[in-house]
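So you can see what is in the structure, the chains are spelled out below.
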Amino acid sequence: EAGVVQSPRYKIIEKKQPVAFWCNPISGHNTLYWYRQNLGQGPELLIRYENEEAVDDSQLPKDRFSAERLKGVDSTLKIQPAELGDSAVYLCASSPPTGEETQYFGPGTRLLVL
Amino acid sequence: DQQVKQNSPSLSVQEGRISILNCDYTNSMFDYFLWYKKYPAEGPTFLISISSIKDKNEDGRFTVFLNKSAKHLSLHIVPSQPGDSAVYFCAASDGSSNTGKLIFGQGTTLQVKP
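Residues numbered from 1 in each chain as written. Chains lettered and ligands numbered in written order. Predicted model: local features only at pLDDT ≥ 70, side-chain atom pairs only at ≥ 80, totals over all residues. Heavy atoms only, no water.

**Details of the overall build of chain B**
Across its full length, chain B carries zero helices and 11 strands. Mapped from its N terminus to its C terminus, chain B presents α and β elements in the order β-β-β-β-β-β-β-β-β-β-β. For chain B, the C-alpha radius of gyration of 14 Å lies close to 13 Å, the compact-globule estimate for 114 residues. Principal-axis analysis of the C-alpha atoms gives chain B an extent of 45 × 30 × 20 Å. By the burial criterion, 43% of the 114 residues in chain B qualify as buried. (Helix = DSSP H or I, 4+ residues; strand = E, 2+ residues; numbered from the N terminus. Rg over C-alpha atoms; globule rule 2.2 N^0.38 Å. Buried < 20%, exposed > 50% of the residue type's maximum accessible area, 1.4 Å probe, protein only.)

In structure tokens, the structure reads:
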């Protein structure tokens, strides 16, 4: 079974530029999460989707961050404009519809904002 | 406030010996706990979990212990192997909130020396 796929794996941009990350969850997993992991810290939830619906986006900085999950499968997380403090690893995770609380993570996108 | 804490940033053990990684939490509503392992440039990989109705869960060389009164959990790896060298994160969730949100600790870097 294929795991969570993310692209790109690495991205370097200058501040004020836009950037987008893509995630394809494990097949059949209806719940999708985006996390941000700063250096030396654990992942922190940005947004959670149940199918197409964003059910928890309370931690998403909405002035510059946006996300979508069209058709309830793939998801895109966008930052516009990026700031220096956005440098981090952006992780996507998914979990199945069985109520299982275990989340399965992708490899992440490492973003560096110069 | 840090609801999940891993107070030891690093741990070094000899191959074949026991590794004990510790985690403390403050939110008494947490009812499900997980350990993830993370290698460099990869996403966190699920290792083992425990529900608050149990005090021990074992899977091969990995055992997680939960002490609810002390709000403390630990991961035991016996025997430790060089391939276990990684960053270990504990995480917790509050099932009653129905958010599926995992709260992560800061991580502990384990080094197993041959």
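**Examining the environment of Arg110(A)**
Residues and elements named next belong to chain A. Tracing the backbone shows Arg 110 in strand β11 (residues 109–113). What makes Arg 110 partly exposed here is its relative accessible area of 39%. A sequence separation of 100 residues divides Arg 110 from Tyr 10, and the C-alpha atoms of the two residues are 4.7 Å apart. With near-sequence residues (within four places) excluded, Arg 110 lies in contact with Arg 9, Tyr 10, Lys 11, Ala 88 and Val 89. (Contact = heavy atoms within 4.5 Å.)

**Some details on the packing of aromatic side chains**
Summed over all chains, the structure comprises 13 aromatic pairs over all chains. A centroid spacing of 6.5 Å and a plane angle of 40° characterise the contact between Phe65(A) and Tyr90(A), whose relative ring orientation is tilted. You can see Phe65(A) sitting in strand β7 (residues 65–68) and its partner Tyr90(A) sitting in strand β9 (residues 88–95), a full 25 residues away along the chain. Note on Phe65(A): relative accessible area 4%, which makes it buried. Both rings, one in Tyr36(B) and one in Phe104(B), keep their centres 5.7 Å apart while their planes meet at 50°; by these two values the pair is tilted. On the criterion of sequence distance, the pair formed by Tyr36(B) in strand β4 (residues 32–38) and Phe104(B) in strand β10 (residues 103–104) is long-range, its members being 68 residues apart. According to the relative accessible area criterion, Phe104(B) is buried, its value standing at 5%. Pairwise contacts between aromatic rings join Tyr33(A), Tyr35(A), Tyr104(A), Phe105(A), Tyr36(B), Phe46(B), Phe89(B) and Phe104(B) into one cluster. (Phe/Tyr/Trp six-rings, centres within 6.5 Å; stacked < 30°, edge-to-face > 60°.)

**Here's the deal with the state of the cysteines**
Covalent bonding between the sulfur atoms of two cysteines defines a disulfide. Under the defined criterion, the tally for this structure stands at two disulfides over all chains. Each sulfur of the disulfide joining Cys23(A) and Cys92(A) lies 1.9 Å from the other. Disulfide Cys23(A) to Cys92(A): torsion about the S-S bond roughly -70°, handedness left-handed. Residue Cys23(A) is located in strand β3 (residues 19–24), and its partner Cys92(A) is located in strand β9; the two are separated by 69 residues in the primary sequence. Neither residue differs from the other here; Cys23(A) and Cys92(A) are each classed as buried. Here Cys23(B) engages in a disulfide with Cys90(B); their sulfurs sit 1.9 Å apart. Disulfide Cys23(B) to Cys90(B): torsion about the S-S bond roughly 65°, handedness right-handed. One end of the pair, Cys23(B), is in strand β3 (residues 19–25); the other, Cys90(B), is in strand β9 (residues 86–93), with 67 residues separating them in the sequence. You'll find Cys23(B) and Cys90(B) in the same group, each marked buried. (Disulfide = S-S within 2.5 Å.)

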